[in-house]
Amino acid sequence: MRIIKAADYEEMSRKAADLIAAQILMKPDCVLGLATGGTPVGTYRCLIEKYQRGDLDFSQVSSVNLDEYRGIDRENPQSYWYFMHDNLFHHVNISPERINVPDGRNLDAAAECRRYDRVIENYGGIDLQLLGLGLDGHIGFNEPGPAFVMDTHCVDLEESTIDANQRFFESREQVPRQAYTMGIRAIMQARKVLMIVNGKNKAEIVRKAFFGPVVPEVPASVLQMHPDFILIGDEEAFSEIEA
Ligand code: GLP
């Protein structure tokens, strides 16, 4: 595990974008595992700026997103499909046929999860996986549980996750209760994993996840075992650890 300290959200975002840009420069046809949430918005903004300056070419890049709500349309502004297009894909030259997000419109969970695992397998895995961190230690939507779940699967979201995601919806009732998420295998088999964390509210879970035992009750803790895991955080997120 490599820890990179940033002064604030802007610097965290810049550093993360620099690492992603380096990956694309080294391997123009790389497979990026991408994440949603508030944390990566700044990183995507920096990537768009690099593209607009002519420093980055997404034409050969493929993307596989971590997760999607079950039972949501792509046109719904709260869908992760919409989020990714709004925050990144519409602003760079990635090919639409190379964009992959679990299909929230498919209510057949078993079929959709199998399909998504095949998509990842057919790419030969992920070169760089970008992650945020849930307040309960979730990555993607891998929620705390009695065991790490390896394959793409359908999850019942924790109450705390529904609370955290409520800010994006008009009311709590509108937050979907289930989601499809990439499993721990695809994340752990990514050749490089990059997590970004910011803000005081992440400080406690950062300490638990990366300075406590590796347990499925804190899903992100499994990343301690990854051979190329980089954690970039701001001072507030690192305020409970000696970074
Ligand atoms: C969401 C997403 C995760 C994300 C996390 C943290 O529920 N499914 O992929 O990393 O919660 O979100 P945020 O970055 O807004 O704190």
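Above this note sits the structure.
Residues numbered from 1 in each chain as written. Predicted model: local features only at pLDDT ≥ 70, side-chain atom pairs only at ≥ 80, totals over all residues. Heavy atoms only, no water.

### What to know about the overall build of the chain
Here comes step 1: Along the chain, the regular secondary structure elements total seven helices and ten strands.
Here comes step 2: For 243 residues, the compact-globule estimate of 2.2 N^0.38 gives 18 Å, and the C-alpha radius of gyration of the chain, at 17 Å, lies within 12% of that figure.
Here comes step 3: Residues counted as buried form 54% of the 243 residues belonging to the chain.
Here comes step 4: Taking as baseline every contact in the chain between residues at least 6 positions apart, the subset at least 24 positions apart corresponds to 78%.
Here comes step 5: About 10700 Å² of surface is accessible on the chain, with carbon and sulfur atoms providing 48% of the total. (Helix = DSSP H or I, 4+ residues; strand = E, 2+ residues; numbered from the N terminus. Rg over C-alpha atoms; globule rule 2.2 N^0.38 Å. Buried < 20%, exposed > 50% of the residue type's maximum accessible area, 1.4 Å probe, protein only. Contact = heavy atoms within 4.5 Å. Areas by Shrake-Rupley, 256 points an atom, 1.4 Å probe, with all protein chains shown as cover.)

### Some points on the pairing of strand β8 (residues 178-181)
Here comes step 1: The pairing of strand β4 (residues 67-69) with β8 spans three bridges and is antiparallel. Residue pairing across strands places Y69 opposite A179, the latter belonging to β8.
Here comes step 2: Two strands pair when backbone bridges link them, and strand β7 (residues 153-156) and β8 are joined in this way by four bridges, in the antiparallel orientation. Each residue of the ladder has a partner; that of D156, found in β8, is Q178. (Pairing = 2+ DSSP bridges.)

### Description of the packing of aromatic side chains
Here comes step 1: Taken as a whole, this structure holds six aromatic pairs when the rule is applied.
Here comes step 2: Arranged with centres 4.9 Å apart and planes meeting at 45 degrees, the rings of Y69 and Y80 form a pair that is tilted. Placement of the pair is Y69 in strand β4 and Y80 in helix α3 (residues 80-87), with a sequence separation of eleven residues.
Here comes step 3: Of the residues examined, Y80 reaches a relative accessible area of 10% and is grouped as buried.
Here comes step 4: Between Y80 and F141, the ring centres sit 6.0 Å apart and the planes meet at 15 degrees, which makes this aromatic pair stacked. One end of the pair, Y80, is in helix α3; the other, F141, is in the loop between β6 (128-131) and β7, with 61 residues separating them in the sequence.
Here comes step 5: Its relative accessible area of 2% is what places F141 among the buried residues.
Here comes step 6: Put simply, the rings of Y69, Y80, F141 and F169 pair up and form one aromatic cluster.
Here comes step 7: Over the ring of W81 we find R74, and its NZ or CZ is 3.7 Å from the ring centre. (Phe/Tyr/Trp six-rings, centres within 6.5 Å; stacked < 30°, edge-to-face > 60°. Lys NZ or Arg CZ within 6 Å of the ring centre and 35° of its normal.)

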